[in-house]
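For reference, the chains in residue letters:
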Amino acid sequence: MIYLDHAATTPVPQAVADTMYEVLRNQYANPSAQYKAGDDMRKQVAQWRETVAAALDCPPERLFFTSCGTEGDVWAIRSACWRNRRLGRHIVTTAVEHNAVLETLQWMRQDGYDVTYIQPRADGSIDADKVLSAVRPDTALVSVMLVNNELGNRYPAEDIAQRLRDKNPDTLFHTDAVQGFLKVPFSARTSGADFVAVSAHKIGGPKGIGALYIAERVANPRPLLPGGGQESGFRSGTEATAQIAGFAKAVELRAAVLADTLAHIADIRAYAVEKLSAIPDMTIISPNRDAAPHILSIALSGWPSQNIVNDLSAQDICVSAGSACHKGKLSHVVKALNLPPRTQKSVIRLSFGPETSRADIDICADALRRHHDERFPML
Ligand code: PLP
């Protein structure tokens, strides 16, 4: 299989699977248990938390494990709005956030919140000035992602967070860093963000585990899950120890060779741009600068994206039509770019990981060229 969908999810390295297996089989005590095996697990969880917190550059006591990136986004938004409930009922975000954010904001609208959506520029980038000028005295929350999951653009989250403190110090700032974590330089501590959501399965960790950083100044966030008091009382539920162990192992593996891995992925992306640009009717949608290295959106203008995905899938090549989360529907991100209609309906996303080789790109480029030469355009 040629797997070019690392922005959707990533393969788990053997060492991560081994670590998880060991925890499942041999270190299965509940970290809340009062005997030695429980104590040991508590210490282990603390250590794993330190590993993930170090990669995000935040104090471990401000990092809370969640079940996924979606949960982090939902928790951040609900928690920020609750904390600022007396400040106002206005939220600023972008029109190109992941649905985990957009759908949560839909809930907030049903609860009476007014949401301002900042449109991207034609290249998918976000203007920090536009975001800040939409902020009002009653803005409870600003939520802007770190890296766009369909296009790869890196958004000016830190700039917005820091200038927001000057403009409206009480307004809280959340960034969905699910696609940016260990892909672009980022420090939760110095970013000025109040909430940062990440997810393990985008970096070689298992599915079903993520984390949310909550800044010191938020102090006691509204508990997401009341109950047994785990995660400092803010997110109850017995710790998913094997998942947490796998998350920490994946972070450890990535962090140890991060510069080399990112250089490799950037090289693959540059090679893909060069190879694909030679195919007639091909448009490269993702920007060349201010972007994460692992995502490349392209369009074979005139050839519907779902047909391309199906044709490539029949040859055991995995790519996605826009975001994997949209299941064939024209995505809100692609719509926001104002591309010509033929191009809009032809967008596909390739995304790369440490395992991707130039040979994978050659095979994919050949398949795309054949698709172009042998199928009639339908748009
Ligand atoms: N945010 C972004 C930007 C994403 O790309 C994704 C997943 O694709 C999510 C949130 C959701 O993460 P998870 O699958 O861990 O819930």
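Chains are numbered independently. Their residues run from 1 in the order of the written sequence. Reporting in this predicted model follows two pLDDT cut-offs: at least 70 for local features of residues, and 80 or more for side-chain atom pairs to be given and counted; totals over whole chains, interfaces and linings ignore these cut-offs and use all residues. Neither water nor hydrogens contribute to the side-chain values; these are computed over all heavy atoms in the structure.

Our focus in this paragraph is a positive patch on the surface. In this analysis, a patch consists of residues with relative accessible area above 30% that form no salt bridge, clustered at 9 Å for like charges and at 5 Å for the nonpolar side chains Val, Leu, Ile, Met, Phe, Trp and Tyr. Computed with the Shrake-Rupley method and a 1.4 Å probe, the accessible areas treat only the protein chains shown as cover for residues. Here, a salt bridge means any Lys or Arg side-chain nitrogen found within 4 Å of an Asp or Glu carboxyl oxygen. Charged-residue counts in this description rest on Lys and Arg as positive and Asp and Glu as negative, His and the chain ends being excluded. A charge is said to be at NZ when it belongs to Lys, at CZ for Arg, at CG for Asp and at CD for Glu. Together, R78, R85, R86 and R222 line one region of the surface with positive charge. Position of R86 relative to the elements: it lies in the loop between α3 (69-83) and β3 (90-94). Owing to a relative accessible area of 73%, R86 belongs among the exposed residues under this scheme. Strands here are runs of E lasting at least two residues and helices are runs of H or I lasting at least four, both read from the DSSP assignment and numbered beginning at the N terminus. The cut-offs for exposure are 20% and 50% of the maximum accessible area for each residue type, with area from a 1.4 Å probe on protein chains only; residues under the lower value are buried, those over the upper are exposed, and the others partly exposed.

What follows is about the packing of aromatic side chains. Side-chain rings of Phe, Tyr and Trp (the six-membered ring for Trp) are treated as a pair once their centres are within 6.5 Å; stacked means planes under 30 degrees apart, edge-to-face means over 60, and tilted covers the remaining angles. Following the criterion strictly, the structure yields three aromatic pairs and no others. When the centroid spacing of 5.6 Å and the interplanar angle of 85° are considered together, the rings of F64 and F234 count as edge-to-face. Of this pair, F64 sits in strand β2 (residues 63-66) while F234 is found in the loop between β8 (210-214) and α8 (241-256), placing the two residues 170 residues apart along the sequence. In this structure F64 comes out as buried when scored by relative accessible area, which is 1%. Taking 6.3 Å as the distance between ring centres and 65° as the angle between the ring planes, the aromatic pair formed by F65 and F247 counts as edge-to-face. In this pair, F65 is assigned in strand β2 and F247 in helix α8, connecting sequence segments 182 residues apart.

Take the nonpolar core next. The set of buried Ala, Val, Leu, Ile, Met, Phe, Trp, Tyr and Cys residues whose side-chain atoms join them within 4.5 Å is what this entry labels a nonpolar core. Judged by nonpolar contacts, the single largest core of 65 residues is most densely connected at L56, V142, F173, V196 and F247. Of the residues forming this core, the biggest block, seven residues, is contributed by α8. The source of the domain bounds is an automatic or database domain assignment. Counting residues domain by domain, this core receives three or more from each of domain 1 (2-10 + 258-374) and domain 2 (14-255). Setting aside chain neighbours within four positions, we find F247 in contact with V52, F65, F181, V198, S199, A200, I203, P206, I209, G210 and A211. Any pair of residues with heavy atoms lying within 4.5 Å of one another is described as a contacting pair.

We now examine the pattern of salt bridges. One pass over the full model with this rule turns up 19 salt bridges. A salt bridge links R49 to E231, with the nearest nitrogen and oxygen atoms 2.7 Å apart. Taken together, the residues R49 in helix α2 (residues 36-56) and E231 in the loop between β8 and α8 connect sequence positions 182 residues apart. Accessibility assignment for this pair places R49 and E231 in one class, buried. In this structure, the salt-bridge partner of D267 is R358, at a minimum N-O distance of 3.0 Å. Here the residue D267 occupies a position in helix α9 (residues 258-277), and R358 occupies one in helix α13 (residues 358-374), the gap between them amounting to 91 residues.

Strands in a sheet are paired, the pairing made by backbone hydrogen bonds, and the direction either parallel or antiparallel. The strand order across the open sheet formed by three strands is β9-β10-β12, and the pairing between neighbours is antiparallel. If you trace the sheet from one side to the other, it starts and ends with β9 (282-284) and β12 (347-351), each paired once. Along the sheet, successive strands turn relative to each other by an average axial angle of 30°, direction set aside. Here, any two strands with at least 2 DSSP bridges between them count as paired. The axes are straight lines fitted to the C-alpha atoms, using for helices just the contacting stretch, and the angles between their N-to-C directions are given from 0 to 180°.

Most peptide bonds adopt trans geometry, and most residues besides glycine take a negative phi value. At L182, a residue that is not glycine, the phi angle is positive and equals roughly 60°. You can see L182 is positioned in the loop between β6 (172-176) and α7 (188-191). Positive phi outside glycine occurs at D290, with the angle close to 50°. By the element assignment, D290 lies in the loop between β9 and β10 (295-300).

Let us now look at the domain arrangement of the protein chain. Here the domain parsing of the protein chain yields domain 1 (2-10 + 258-374) and domain 2 (14-255). If you average the C-alpha positions of domain 1 and of domain 2, the two centres end up 27 Å apart. Taken together, the 29 residues of domain 1 in the interface contact 32 residues of domain 2. A combined buried area of about 2,400 Å² lies between domain 1 and domain 2, and 52% of that area is made up of carbon and sulfur atoms. Here domain 1 is connected to domain 2 by zero salt bridges. Buried area adds together the accessible area that both of two parts lose upon being put together, with accessible area traced by a 1.4 Å probe.

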